[in-house]
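# Reading the structure
Here is what each chain is made of, one letter per residue.
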Amino acid sequence: MIGELGRRSSTALLVHSTLIQAVTFLVRPATTYRALELDVPGFALGLLAASYAVFPLLLALPIGGLVDRLGERRLMAIGAAVVLGCSAFLLFWGTSVPALVAGTALLGAGQLACVVGQQAVVANNAASSRLDSAFGYLTFAASLGQALGPLAISVVGGASVRPNTQAIFLLATAMSLVMFLTTFVISSKVSQGRRTAKGAPKGSAAALLRTPGVVRALATSATVLAVVDLTVVYLPALGAERGLTAATVGLMLTVRAVFSMVSRLGLGSVSRKLGRMKLLIMSLAISTAALGVAAVPMPEWLLFVVMAFLGLGLGIGQPLTMSWLSAQAPEGQRGRALALRLAGNRVGQVVLPSVIGVVAVGLGAAGVFLASAVAVGGTMLLLRGVRLDD
């Protein structure tokens with residue numbers, strides 16, 4: 001994956017990426033189930049969701065600065081330690097709403113530190129010609145973790161409506177410990193020569209935003225990720241409108257996720273053949289078309305095909321915007337740039353669904369898919385005059 005690190009460090013990085021997502025997608029539903037066990041009011045569930053999102057939004061830029069100063073591996077270790085502490089805290093003391101909120105907030109902060117560190121490892125150590133491929137593998141590993149987390153709940157919970165949350169938190173603690181230890185398998189060379197104490201340039205977020213191409217990369221990334229979230233939320237609504245069973249809708253979402261993972265495996269070779277700009281535009285065009293077509297009534301089997309194409313299009317967008325932003329950010333500020341991207345993603349996940357929800361009011365779930373198609377199609381206008389292959 002990353003020639004400068006070697007196979008051992010690259011494998012450890014991918015395992016770390018898989019585990020942080022698996023733990024996140026294991027713990028977050030578990031906190032919801034634990035809250036239901038406590039018979040909390042509905043607003044408390046919203047508070048849990050907000051506590052996970054708000055902390056990363058507030059801490060994104062400081063953590064981005066830390067990765068450029070302390071080094072990627074050290075930040076990944078800190079993030080893994082926070083997640084381990086969060087899992088253990090929920091295991092032993094997660095018996096009240098304040099405790100669940102605190103644990104969820106810690107999870108969000110630790111997850112952010114891990115992800116920024118992982119992405120900075122790739123950005124700072126992969127050759128420029130290998131960025132697309134490296135980020136493709138990294139996001140594939142993350143997607144794998146997002147699939148394994150809910151699967152673990154199914155295994156632990158069995159057929160019960162409310163699974164044994166204590167067992168889930170115990171499993172999360174064990175996985176977090178493995179993740180923490182995996183950090184130290186990664187070579188210390190990932191941070192060699194890039195401590196900002198003496199050599200690396202400093203700069204504010206505003207200065208970084210003035211770097212050519214950065215704002216466009218952030219906007220494209222935020223739009224693509226927000227549309228992924230919208231698909232997860234509104235496909236069940238679309239299915240309900242058309243009389244599709246929950247199992248069918250779940251399978252459609254799985255198809256979309258699997259094809260997103262598949263699209264990332266050969267990303268490097270495809271990008272080298274077509275060029276990053278052409279591939280990104282192609283992925284956005286495929287996503288736009290799939291979203292627009294999904295709004296049209298069609299046979300069930302055809303909607304599966306549409307979801308497969310949507311998965312391909314959206315799956316390519318995230319790693320390409322990572323490599324684009326890494327290439328545009330000044331040396332020594334890539335950690336901050338990638339953290340800024342994650343903060344932008346959080347904002348997009350709040351703003352875009354709200355706007356689309358207002359625009360599509362009265363049109364039902366199909367209107368949301370049409371509005372999403374317009375949003376993704378609009379990002380292609382941002383790419384006019386941009387060269388991504390330098």
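Helices and strands together make up the secondary structure of the chain, namely 14 helices and zero strands. Sequence-ordered secondary structure for the chain, helices as α and strands as β, is α-α-α-α-α-α-α-α-α-α-α-α-α-α. Radius of gyration (C-alpha) of the chain: 20 Å, near the 21 Å computed for a compact globule of 390 residues. With the principal axes as the frame, the chain shows a C-alpha extent of 60 × 55 × 35 Å. Each of the 390 residues in the chain was classed as buried or not, and the buried ones make up 54%. Within the chain, residue pairs in contact and separated by at least 24 positions form 84% of the contacts whose partners lie at least 6 positions apart. Carbon together with sulfur atoms contributes 69% to the accessible area of the chain, which is approximately 16200 Å² in total. For the chain, the separation between the mean place of its 29 positive charges and that of its 12 negative charges on side chains is 8 Å.

Taken as a whole and judged by the stated rule, the model has one cavity of 30 Å³ or more. What lines the largest cavity is simply V227, L230, T231, Y234, L291, V368, F369 and S372.

Close contact between helix α1 (residues 6–37) and helix α4 (residues 97–125) brings their axes to 10 Å; oriented N to C, the two are set at 165°. As judged from the angle between their axes, α1 and α4 are roughly antiparallel. The chirality of how α1 crosses α4 is left-handed. Contact residues: L13, H16, S17, I20, Q21, T24, V27, R28, T31, R34 and A35 in α1; L100, T104, L107, Q111, C114, V115, Q118, V121 and V122 in α4.

Right, let's get into the packing of aromatic side chains. Scanning all chains against the criterion turns up three aromatic pairs. Plain terms: the ring middles of F89 and W93 are 6.1 Å apart, the flat faces sit at 40° to each other, and that makes the pair tilted. Of this pair, F89 and W93 both sit in helix α3 (residues 72–93), four residues apart, which is roughly one turn of the helix. Residue F89 is classed as partly exposed on the basis of its relative accessible area of 26%. Taking the relative accessible area as the measure of exposure, W93 reaches 54% and is therefore exposed. Consider the rings of F180 and F184, whose centres lie 5.2 Å apart with planes at 80°: the pair is edge-to-face. Using a relative accessible area of 23% as the deciding quantity, one classes F180 as partly exposed.

We now examine the packing of α3 against helix α6 (residues 165–183). Contact pair α3 / α6: the axes reach a minimum separation of 8 Å and the direction vectors enclose 165°. As judged from the angle between their axes, α3 and α6 are roughly antiparallel. For the crossing formed where α3 meets α6, the hand is left-handed. Facing R73, M76, A77, A80, A81, V83, L84, S87, A88, L90 and L91 of α3, the residues of α6 in contact are Q166, F169, L170, A172, T173, S176, L177, M179, F180 and T183. Considered class by class, the residues forming the contact of α3 with α6 number 15 nonpolar, five polar and one charged.

What follows covers the environment of G367. You can see G367 is positioned in helix α14 (residues 364–382). The spatial distance from the C-alpha of G367 to the C-alpha of L383 is 26 Å, given a sequence separation of 16 residues.

Cut-offs and rules
Residues numbered from 1 in each chain as written. Predicted model: local features only at pLDDT ≥ 70, side-chain atom pairs only at ≥ 80, totals over all residues. Heavy atoms only, no water. Helix = DSSP H or I, 4+ residues; strand = E, 2+ residues; numbered from the N terminus. Rg over C-alpha atoms; globule rule 2.2 N^0.38 Å. Buried < 20%, exposed > 50% of the residue type's maximum accessible area, 1.4 Å probe, protein only. Contact = heavy atoms within 4.5 Å. Areas by Shrake-Rupley, 256 points an atom, 1.4 Å probe, with all protein chains shown as cover. Lys, Arg positive; Asp, Glu negative; His and termini not counted. Charge placed at Lys NZ, Arg CZ, Asp CG, Glu CD. 1 Å grid on protein atoms, 1.4 Å probe; cavity = no way out; pocket = protein on both sides within 12 Å on 5 of 7 lines; lining within 4 Å. Points joined across faces, edges and corners; volume = space filled by probe spheres on them. Axes fitted to C-alpha atoms, helices over the stretch in contact; angles between N-to-C directions. Parallel < 35°, antiparallel > 145°, perpendicular 65-115°, else oblique. Left-handed = near helix turned anticlockwise from the far one by under 90°. Phe/Tyr/Trp six-rings, centres within 6.5 Å; stacked < 30°, edge-to-face > 60°. Nonpolar A, V, L, I, M, F, W, Y, C, P; charged D, E, K, R; others polar.

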